[in-house]
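# Architecture and fold: a report
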Amino acid sequence: CMKPSASPPLRLLLLAAALFAALPAPAAASAIDDVLLARTLGDDDAERIALRAALAEVGERSSAAYPLHERLRALYSDAGEFAQAIATTKRQLEIASSPGQRLGPLIALASLYGGLHQMDQAHNALAELEQVITKLRSTRRWATSGAWWQAGLAKTKASLAMQAGQLEKAEDGWRACLSSA
């Protein structure tokens, strides 16, 4: 019940990362080309390597690294490398510059911890997610994106309730998710 991804193509995200980091054009172009080639070929291992190289170019803690961490987190999660996915998500949260940027990583973190049955950490991420939603309610973007953000929160709560065996609570959460979207 989440909004379909409307994120810009990876090339634009990587170009933005390179521009914000003021990378020399050859280094930026090389890093971007390596990531795109690996992605085009469907080679997740090569894409992870290229993303790590791109992060080394822009700096792991630079704001320009945010979209690179986003993609790397997805690759780690898909590959079952959950410790790496969690570490990458935490780095992404450290450089998030707005409540809106914190939303996706917090949903992912709650999901990752929940899937690993580390429920205390999952609930900590959920509590922080609820605080972010509260902050987002006072933004101008709430009018256009609030329903989707609310659906993401409801989905996260439902998933954690399901993983904890609280099926009635999970069903209520799924209904809330569907009614929000």
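Residues numbered from 1 in each chain as written. Predicted model: local features only at pLDDT ≥ 70, side-chain atom pairs only at ≥ 80, totals over all residues. Heavy atoms only, no water.

### Here we look at the overall build of the protein
Stated precisely, the cut-off is as follows: A run of H or I in DSSP becomes a helix once it reaches four residues, and a run of E becomes a strand once it reaches two; helices and strands are each numbered from the N terminus. Note on exposure labels: buried denotes an accessible area under 20% of the residue type's maximum, exposed denotes more than 50%, and partly exposed covers the range between, all computed with a 1.4 Å probe on protein chains only. Only heavy atoms enter the contact rule, under which two residues are in contact if any of them lie within 4.5 Å.
Scanning the protein from terminus to terminus reveals nine helices and zero strands. Across the 181 residues that make up the protein, the buried fraction comes to 40%. Across the protein, every contact between residues at least 6 apart in sequence was considered, and the portion connecting residues at least 24 apart equals 53%.

### Here's the deal with the nonpolar core
Here is the rule we go by: Put simply, buried Ala, Val, Leu, Ile, Met, Phe, Trp, Tyr and Cys residues joined by side-chain atoms within 4.5 Å make one nonpolar core.
Counting 37 residues, the largest nonpolar core has Leu51, Leu68, Leu103, Leu109, Leu129, Ile133 and Leu160 as the members making the most contacts within it. At the level of elements, helix H2 (25-40), helix H3 (44-58), helix H4 (66-78), helix H5 (82-95), helix H6 (99-115), helix H7 (119-136) and helix H8 (142-163) are the ones that each hand at least two residues to this core. By residue number, the principal contributor to this core is H7, which donates eight residues.

### A look at H6
Here is the rule we go by: Here, expected helix span is obtained from the residue count minus one, scaled by 1.5 Å.
The end-to-end C-alpha separation of H6 is 24 Å, in line with the 24 Å expected for 17 residues at 1.5 Å each. Lining the buried residues of H6 we find H4, H5, H7 and H8. Just past H6, the residue His117 takes up positive phi, approximately 60°.

### A word on the packing of H6 against H7
Describing two packed helices takes the angle between their axes plus the distance from one axis to the other. Spelled out, the test is: Fitted lines through C-alpha atoms serve as axes, helices being fitted only where they are in contact, and the angles separating the N-to-C directions of these axes extend from 0 to 180 degrees. Note that the term roughly parallel is reserved for angles under 35 degrees, roughly antiparallel for angles over 145, roughly perpendicular for angles of 65 to 115, and oblique for everything else. Rotating anticlockwise by less than a right angle from the far helix to the near helix defines a left-handed crossing, while the corresponding clockwise rotation defines a right-handed one.
Where H6 contacts H7, the two axes come as close as 8 Å, and the packing angle between them is 160°. In this view, H6 runs roughly antiparallel relative to H7, as classed from their interaxial angle. The hand of the H6/H7 crossing is left-handed. Taken together, the residues of H7 that come into contact with H6 (itself represented by Pro99, Gly100, Arg102, Leu103, Leu106, Ile107, Leu109, Ala110, Tyr113 and Gly114) are Met119, Gln121, Ala122, Ala125, Leu126, Glu128, Leu129, Val132, Ile133, Lys135 and Leu136.

### A short note on unusual backbone geometry
The phi dihedral of His117 falls on the positive side, at around 60°, and the residue is not glycine. Mapped onto the elements of the fold, His117 is located in the loop between H6 and H7. Residue classification places His117 among the exposed positions, given a relative accessible area of 58%.

### Some remarks on the packing of H3 against H4
Convention followed: The nonpolar class holds Ala, Val, Leu, Ile, Met, Phe, Trp, Tyr, Cys and Pro. Asp, Glu, Lys and Arg form the charged class, and all remaining residues, Gly among them, are polar.
In the contact formed by H3 and H4, the axes pass within 10 Å of each other and the chain directions differ by 150°. As far as their axial angle goes, H4 and H3 are roughly antiparallel. Judged by the twist between their axes, the crossing of H3 over H4 is left-handed. Two secondary-structure elements touch here, H3 through Asp44, Glu47, Arg48, Leu51, Arg52, Ala54, Leu55 and Val58 and H4 through Leu68, His69, Arg71, Leu72, Leu75 and Tyr76. Grouping the constituent residues of the contact of H3 with H4 by class yields eight nonpolar, one polar and five charged.

### Focus: the packing of aromatic side chains
Let me state the cut-off plainly: What counts as a ring pair is set by centres within 6.5 Å for rings of Phe, Tyr and Trp (its six-membered ring), and what kind of pair is set by the plane angle: stacked under 30 degrees, edge-to-face over 60, tilted for all other angles.
Tallying each qualifying case throughout the model produces one aromatic pair. With a centroid separation of 5.8 Å and 50° between ring planes, the pair formed by Trp142 and Trp149 is classed as tilted.

### Side note on the pattern of salt bridges
Here is the rule we go by: One side-chain nitrogen of Lys or Arg within 4 Å of one carboxyl oxygen of Asp or Glu is enough to make a salt bridge.
All told, the structure shown has nine salt bridges when counted by the stated rule. Across the pair Arg91 and Glu60 runs a salt bridge whose closest N-O atoms are separated by 2.8 Å. Taken as a pair, Arg91 in helix H5 and Glu60 in the loop between H3 and H4 lie far apart in primary sequence, 31 residues in all. The shortest N-O distance in the salt bridge between Glu94 and Arg61 comes to 3.1 Å.

Everything listed here is a matter of geometry and, on its own, says nothing about what the molecule does.
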